[in-house]
Amino acid sequence: LLDMSSKKDDALIAAFGEYIEYTMGRTLGTINGYLCHLNRLAKYLKNRGASLQTASVDDLEIFAGLHLHEIGISPRSRRPAIAAIRGFYKWADRKGLIEGNPSTGLAYPQIGRKLPNSMPLKAVESMLMQTDLDTFMGVRDAAIIAVLAGCGLRVSGLVNLNEGDLMREI
C-alpha cells in the first residue's frame with residue numbers, strides 16, 4: 001500500500017512541476033527547488049505512514065519546523081520549502097485532489113535581519129592615509145571616511161546628512 005501511495009506522490013509532484021512550469025512560468029531553478037522540497041516531504045511522510053494526500057496540519061508543521069531544523073536547514077532556507085508546500089497544497093485543493101488544504105496555517109520562519117560587519121581599524125587607517133591632506137578634496141575625503149568609520153553610518157546616510165541634522169555647541 002505504501003509503495004502505491006509513493007508512486008501516486010511521485011505522479012502528483014510531477015503534475016505540480018508541470019503546472020508551475022507551464023502555467024506559472026517559473027524558472028527551471030525554482031521548479032527543481034520546489035520538486036526537491038516536495039520529494040523530501042513525500043519521503044518524510046512515507047516514513048510516518050502518510051502520503052501527500054493524507055498529510056495533516058501537524059505533519060506539515062513538524063516537517064517544516066522541527067524536521068528541517070534537525071537536518072540542518074537554516075530558517076532562511078526553509079522559506080522556499082514552505083513556499084513549495086503551500087503552493088502544492090493550494091494547487092491540489094483547487095484541483096480537488098485533497099479535501100481541504102492542510103498548509104493554510106503553515107507559517108514562514110522568522111529570519112531576522114543580518115547585521116553589517118564592521119571594518120577593522122587597520123583598514124580604516126589605511127584608507128585615511130590614502131587621502132591627500134594638502135588639498136581641500138583630500139581633507140573632505142578624510143572627513144567622510146572618519147565620519148563613516150567613527151559613527152557607523154552608511155554611505156546613503158552620510159550623503160543625505162544636512163547641516164541641520166548636526167548638533168552645534170555654542
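Keep in mind that this is a model prediction, so the values were computed, not measured.

Student: How should I be thinking about helix α2 (residues 28-47) in this particular structure?
Tutor: Taking 1.5 Å per residue as the helical rise, α2 with its 20 residues ought to reach 28 Å, and the 29 Å between its terminal C-alpha atoms agrees with that figure. Restricting attention to buried positions, one finds in α2 the residues Ile 31, Tyr 34, Leu 35, His 37, Leu 38, Leu 41, Ala 42, Tyr 44 and Leu 45. Just downstream of α2, Gly 49 is the residue with a positive phi angle, here 80°.

Student: Whenever I open this one, the confidence of the model for the chain confuses me. Can you help?
Tutor: Low pLDDT marks stretches whose predicted atomic positions should not be read closely. Looking at the chain as a whole, the pLDDT averages 87, with 95% of positions reaching at least 70. Mean pLDDT across the secondary structure elements of the chain bottoms out at helix α1 (residues 2-22), with 82, and peaks at α2, with 93.

Student: Would you mind showing me how to read the pattern of salt bridges here?
Tutor: Inspection of the entire model under this criterion finds two salt bridges. Between Arg 48 and Asp 59 there is a salt bridge, with its nearest N and O atoms 3.1 Å apart. With Arg 48 in the loop between α2 and α3 (57-70) and Asp 59 in helix α3, this pair connects stretches of sequence that are 11 residues apart. Using a relative accessible area of 42% as the deciding quantity, one classes Arg 48 as partly exposed. Judged by its relative accessible area of 10%, Asp 59 is buried.

Student: Got a minute to help me understand helix α4 (residues 75-94) in this structure?
Tutor: One turn of an α-helix holds 3.6 residues; hence residues three or four places apart share an orientation. Taking 1.5 Å per residue, 20 residues should reach 28 Å; α4 reaches 28 Å between its end C-alpha atoms and fits that length. Taken together, the buried positions of α4 are Arg 78, Ala 81, Ile 82, Ala 84, Ile 85, Phe 88, Tyr 89, Trp 91 and Ala 92. One or two residues past the end of α4 sits Gly 96, with phi positive at roughly 80°.

Student: Teacher, can you tell me more about the nonpolar core here?
Tutor: Here is a general trend for soluble globular proteins: nonpolar side chains tend to be buried in one another's company. Grouped together as the largest cluster of nonpolar side chains are 30 residues, with contacts concentrated most on Leu 41, Leu 45, Leu 52, Ile 85, Phe 88 and Tyr 89. Those residues in contact with Phe 88, other than ones at most four positions away along the chain, are Leu 12, Phe 16, Leu 38 and Leu 52.

Student: Looking at this structure, I do not really get the packing of α2 against α3. What am I missing?
Tutor: A pair of packed helices can be characterised by two numbers: the angle between their axes and the separation between those axes. Two elements in contact, α2 and α3, have axes whose closest approach is 11 Å; the angle formed by their N-to-C orientations is 105°. Classified by the angle between their axes, α2 and α3 sit roughly perpendicular to one another. Facing His 37, Arg 40, Leu 41, Tyr 44 and Leu 45 of α2, the residues of α3 in contact are Asp 59, Leu 60, Ile 62, Phe 63, His 67 and Leu 68. Its residues assigned to classes, the contact of α2 with α3 comprises seven nonpolar, two polar and two charged.

Reading the values: the criteria
- Residues numbered from 1 in each chain as written.
- Predicted model: local features only at pLDDT ≥ 70, side-chain atom pairs only at ≥ 80, totals over all residues.
- Heavy atoms only, no water.
- Helix = DSSP H or I, 4+ residues; strand = E, 2+ residues; numbered from the N terminus.
- Expected span 1.5 Å × (residues − 1).
- Buried < 20%, exposed > 50% of the residue type's maximum accessible area, 1.4 Å probe, protein only.
- pLDDT = per-residue confidence, 0-100.
- Salt bridge = Lys/Arg side-chain N within 4 Å of Asp/Glu carboxyl O.
- Core = buried A, V, L, I, M, F, W, Y, C linked by side-chain atoms within 4.5 Å.
- Contact = heavy atoms within 4.5 Å.
- Axes fitted to C-alpha atoms, helices over the stretch in contact; angles between N-to-C directions.
- Parallel < 35°, antiparallel > 145°, perpendicular 65-115°, else oblique.
- Nonpolar A, V, L, I, M, F, W, Y, C, P; charged D, E, K, R; others polar.

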